[in-house]
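If you want the building blocks of each chain, they are given just below.
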Amino acid sequence: MKTPTLFTPLQLGALTLSNRIVMAPLTRMRAGMPGNIPTALNATYYRQRATAGLIVTEATPISATGHGYFHTPGIHTPAQAEGWKLVTDAVHQAGGKIFLQLWHVGRQSHNDLQPGGALPVAPSAIASGGQSPVAPGIFKTQPVPRALETTEIPTLVDDYRHAAALAQIAGFDGVEIHAANGYLLEQFLSDHANVRTDRYGGSLANRARLLLEVTAAVTAVWSGERVGIRLSPANTFGGIQHKDRLGTYRHVVNELNPFKLAYLHLVEPRVAGNSDLDTFDDTLSSHHFRELISGDTRLISAGGHSRASGVQTVESGQADAVAYGRQFIANPDLVARLATDAPLNSYDRTSFYGGAGQGYIDYPFLSPQPSVT
Ligand code: 8OZ
């Protein structure tokens, strides 16, 4: 078989992608309020980017306690599912494919964003050390969270199941479980954030249990071939530490194999949060996990990719597809630009989070404009 390129179609679980360029999940904080409901503005933004082989939506809270940033769209109410339908219809009409990213922030939140002003929930009562944007321009220090009772875990898993079912009603092609970047599921994996003494803490098998129970719940709603998982083995964002990162993530990848997932989406160690690092631990690069992945599960590499690194990653077989984040913010027609090696618009960081259409739906297409607008 000819060596695949970024522009070769890819069978990804139940989907055939028209290229291997994935739009990474990108928090943009522009949901309709009240209710954290996606709007026509959000539909326009995603439709403009529908030439991506696959769009993964911004991280989307599965429950009211899952929110940690203002104006993020949720997937826990019927009105939110209806709002998301505007997005999925727009992307599908433009010929695209779209997965919803399922998110719970755990301790990376603040009382101001929690129902009834309660403390955020987490594996253990250990603070992240970080801050939460609770309203435009206002950051507050994340408090010491409340440790979830063992008896609350089934409800939490059920929240993921419920959100996955709402995502079906909303018309998505599948879902991605967000287990990266220091949010709830990574907090459980960490032997620093999780000091529980029940069956969800202590041993590696116990710390991985919640992620595996969530994966079981979500793949019972959508079959594994329409589910992906995002992991960030090198992540330190959210105050995350692990004594043995390689051992932890090798275990997780091995334990996920039986679910026959569409893909694993791994964040490369060269990025931290939304910034690039000069030095990093290459032993945690995504390709080192590739040999552990069995069956037809694909590997998507994410984090600070250029055109050249994306081309090289796919052509060398280090990953099956490459996710672009910041470049997709600034280049709705990124696929056409990469295909023709056209110059890229540069991104404006000041309009990443919150606001309206400016810095969101007004980045220019190549001229003449493709028909997706
Ligand atoms: C940047 C700003 C806010 C949230 C992640 C959901 O890192 C995020 C996020 C990124 O996964």
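Right above here is the structure, for reference.
What this report covers is the structure whose coordinates are included nearby. What you see is a predicted model, and the numbers here were worked out from it, not measured in a lab.

1. Regarding the site of the ligand
Lining the immediate surroundings of the ligand are Thr27, Ala59, Tyr69, Trp103, His178, Asn181, Tyr183 and Tyr353. Between an oxygen atom of the ligand and a side-chain N or O atom of His178, the distance comes to 2.7 Å. Within the side chain of Asn181, an N or O atom sits 2.8 Å from an oxygen atom of the ligand. Protein contact buries 83% of the 300 Å² of open area that the ligand shows by itself. Among the residues forming the shell around the ligand, the class breakdown is five nonpolar, three polar and no charged.

2. With respect to the packing of aromatic side chains
Under the defined criterion, the tally for this structure stands at eleven aromatic pairs. Measuring from centroid to centroid gives 5.8 Å for Phe99 and Tyr263, while their planes differ by 40 degrees, and the two rings are tilted. Here Tyr263 lies in strand S12 (residues 263-267) and Phe99 lies in strand S5 (residues 98-103), a separation of 164 residues in the sequence. Assigned by exposure class, Phe99 and Tyr263 land together as buried. Note on Phe352 and Tyr353: the rings are 5.9 Å apart at their centroids and 85 degrees apart in plane angle, and the pair reads as edge-to-face.

3. Considering the nonpolar core
Note that soluble globular proteins tend to have their nonpolar side chains buried in a common cluster. In this structure, Tyr46, Leu102, Leu210, Leu211, Val218, Ile229 and Leu231 are the most contacted members of the largest nonpolar core, which totals 77 residues. Considering every element that reaches this core, the biggest residue donor is helix H3 (residues 153-169), with eight residues. Other than its neighbours up to four places away in sequence, Leu211 contacts Ile177, Ala179, Leu185, Leu189, Ile229, Leu231 and Val252.

4. With respect to helix H1 (residues 40-48)
Of the positions making up H1, those classed as buried are Asn42, Ala43, Tyr45, Tyr46 and Gln48. Of the surrounding secondary structure, the elements contacted by the buried residues of H1 are strand S3 (21-23), strand S4 (54-61), helix H2 (78-93) and S5. For H1, the side-chain oxygen to backbone nitrogen distance between the N-cap and Leu41 is 3.2 Å, and the N-cap itself is Thr39.

5. With respect to the pairing of strand S15 (residues 298-302)
Among the five residues that make up S15, four are buried, leaving the element largely enclosed by the rest of the structure. Direction of pairing for S12 relative to S15: parallel, over a ladder of five bridges. In the sheet register, Val267 faces S15, and the bridge partner there is Ala302. In this sheet, strand S16 (residues 321-324) lies alongside S15 in parallel orientation, the contact comprising three bridges. Note that in S16 the partner of Ile300 across the bridge is Ala321.

Calculation notes
- Residues numbered from 1 in each chain as written.
- Predicted model: local features only at pLDDT ≥ 70, side-chain atom pairs only at ≥ 80, totals over all residues.
- Heavy atoms only, no water.
- Near = heavy atom within 4 Å.
- Polar contact = N/O pair within 3.5 Å; in protein donor to acceptor, adjacent residues only side chain to side chain.
- Areas by Shrake-Rupley, 256 points an atom, 1.4 Å probe, with all protein chains shown as cover.
- Nonpolar A, V, L, I, M, F, W, Y, C, P; charged D, E, K, R; others polar.
- Phe/Tyr/Trp six-rings, centres within 6.5 Å; stacked < 30°, edge-to-face > 60°.
- Helix = DSSP H or I, 4+ residues; strand = E, 2+ residues; numbered from the N terminus.
- Buried < 20%, exposed > 50% of the residue type's maximum accessible area, 1.4 Å probe, protein only.
- Core = buried A, V, L, I, M, F, W, Y, C linked by side-chain atoms within 4.5 Å.
- Contact = heavy atoms within 4.5 Å.
- Pairing = 2+ DSSP bridges.

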